[in-house]
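# Survey of secondary and tertiary structure
What follows is the residue order along each chain.
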Amino acid sequence: MPEMPAVLANTLMPWFAKPSHVSRVETLAPGLRRVRFEGASLRGVSYEAGQEVEFRVSPTEFRHYTPSLWDVESGVLEVVFYLHGQGPGSAWAEALEPGDAVDILGPGGRLSVDADAPAHLFLGDETCLGLFQAMIRALPSPLRLLGAVEVAPGAEDWLARTGVPLTAVARRASRGEALSAWLEQNVLPGATCYLAGHAGSIVALRKQLLERHGCARRSLRSKAYWADGKRGL
Ligand SMILES: Cc1cc2nc3c(=O)[nH]c(=O)nc-3n(C[C@H](O)[C@H](O)[C@H](O)COP(=O)(O)OP(=O)(O)OC[C@H]3O[C@@H](n4cnc5c(N)ncnc54)[C@H](O)[C@@H]3O)c2cc1C
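For clarity, every value in this text was computed on a predicted model and none was experimentally measured.

Calculation notes
- Residues numbered from 1 in each chain as written.
- Predicted model: local features only at pLDDT ≥ 70, side-chain atom pairs only at ≥ 80, totals over all residues.
- Heavy atoms only, no water.
- Helix = DSSP H or I, 4+ residues; strand = E, 2+ residues; numbered from the N terminus.
- Buried < 20%, exposed > 50% of the residue type's maximum accessible area, 1.4 Å probe, protein only.
- Contact = heavy atoms within 4.5 Å.
- Pairing = 2+ DSSP bridges.
- Axes fitted to C-alpha atoms, helices over the stretch in contact; angles between N-to-C directions.
- 1 Å grid on protein atoms, 1.4 Å probe; cavity = no way out; pocket = protein on both sides within 12 Å on 5 of 7 lines; lining within 4 Å.
- Points joined across faces, edges and corners; volume = space filled by probe spheres on them.
- Nonpolar A, V, L, I, M, F, W, Y, C, P; charged D, E, K, R; others polar.
- Domains from an automatic or database assignment.
- Buried area = accessible area lost by both parts, 1.4 Å probe.
- UniProt positions renumbered as here; feature names shortened; annotations may be inferred.

On to the environment of Leu-42, then. When you line up the elements, Leu-42 lands in the loop between β2 (32-38) and β3 (52-56). Overall, Leu-42 belongs to the buried group, its relative accessible area being 0%. A C-alpha to C-alpha distance of 6.7 Å links Leu-42 and Val-76, two positions 34 residues apart in sequence. In this view, Leu-42 contacts Lys-18, Ser-20, Phe-37, Trp-70, Asp-71, Val-72, Gly-75, Leu-77 and Ile-104; residues no more than four positions away in its chain are not counted.

Taking strand neighbours across the sheet as the criterion, the seven strands line up as β4-β3-β7-β1-β2-β6-β5 in an open arrangement whose pairing is antiparallel. Of all strands in the sheet, those with a lone pairing partner are β4 (62-65) and β5 (67-71), marking the two edges. The mean angle between the axes of side-by-side strands here comes to 35°, regardless of whether they run parallel or antiparallel. Pairing between strand β1 (residues 18-29) and β2: seven bridges, direction antiparallel.

By volume, the largest pocket amounts to about 810 Å³. Contributing elements (two or more residues each) for the lining of the largest pocket: β4, β6 (76-82), α2 (88-95) and β12 (220-226). Split by residue class, the lining of the largest pocket holds eleven nonpolar, ten polar and nine charged. Counting contributing residues, the lining of the largest pocket receives three or more from each of domain 1 (6-108) and domain 2 (119-226).

The next point concerns the domain arrangement of the chain. The domain architecture assigned to the chain consists of domain 1 (6-108) and domain 2 (119-226). Using only C-alpha atoms to locate each centre, domain 1 and domain 2 end up separated by 24 Å. Across the contact, 16 residues belong to domain 1 and 15 residues belong to domain 2. Across the domain 1 to domain 2 interface the summed buried area is about 1,300 Å²; carbon plus sulfur atoms make up 61%.

Quick look at the UniProt feature "domain: FAD-binding FR-type" (unreviewed entry) in the chain now. Within this numbering scheme, the UniProt entry marks residues 12-114 as carrying the feature "domain: FAD-binding FR-type" (unreviewed entry). In the segment residues 12-114, helix accounts for 13% and strand for 47%; the C-alpha atoms at its two ends are 34 Å apart.

Written out as structure tokens, the structure is:
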């Protein structure tokens, strides 16, 4: 639901959205913000790590984001926003300030942790930092996990800043290329593989995992978060 007439959104939001307020904004790095939302309506919600929420980012536009944390007992939810600077969602997230009232739709979506898997492999980009943090926190221990996040050259410390215990790989000429090269050197037999972020990279990495690494289709879980030239997935 990336777009909706404003009059319809005004009618539906009070029925379906969870009211909250921004209680903290942290600039983790230029282009990366962690925002905390709090509210009584965020308590007691049935939520699973990996699920997404939706924000109304303009009178007519909605965008999906993933809680990096949702404490349903205290009603605290956090999102790590990558500010790519090319759309209304990014601009909205950049403008958020403590005290702002924000209505939240969801949770929804079916990307989840495979609790029975003997090992876990994560591949994604900047938009997945919150997703991976939430999923890794939800994994049963002891952990066998591995993974890489593709970031712009110079932003390799973004993983440490968000507390994501995976490897940072610097983006090369084309998106997904650095992840593909990393995958060639890193195998984790029997792992369930979680792919998210840039749609084109996911398609290429799925193919590589299936054809070159002998991954079973049932052990691949993926979700495209954005696509070149496409507004609001
Ligand atoms: C289920 C789900 C969960 C998501 N969770 C998160 C999250 O937790 N944190 C987060 O930061 N993002 C997350 N995203 C991605 C985010 O919703 C998209 O990046 C979205 O496009 C942002 O909206 P926008 O209005 O800024 O840009 P849009 O209007 O959607 O797009 C405008 C232009 O920007 C380009 N664009 C979009 N995203 C990027 C990008 N990352 N890098 C470069 N160019 C881009 C598009 O190709 C398009 O050309 C999630 C997406 C989905 C579907």
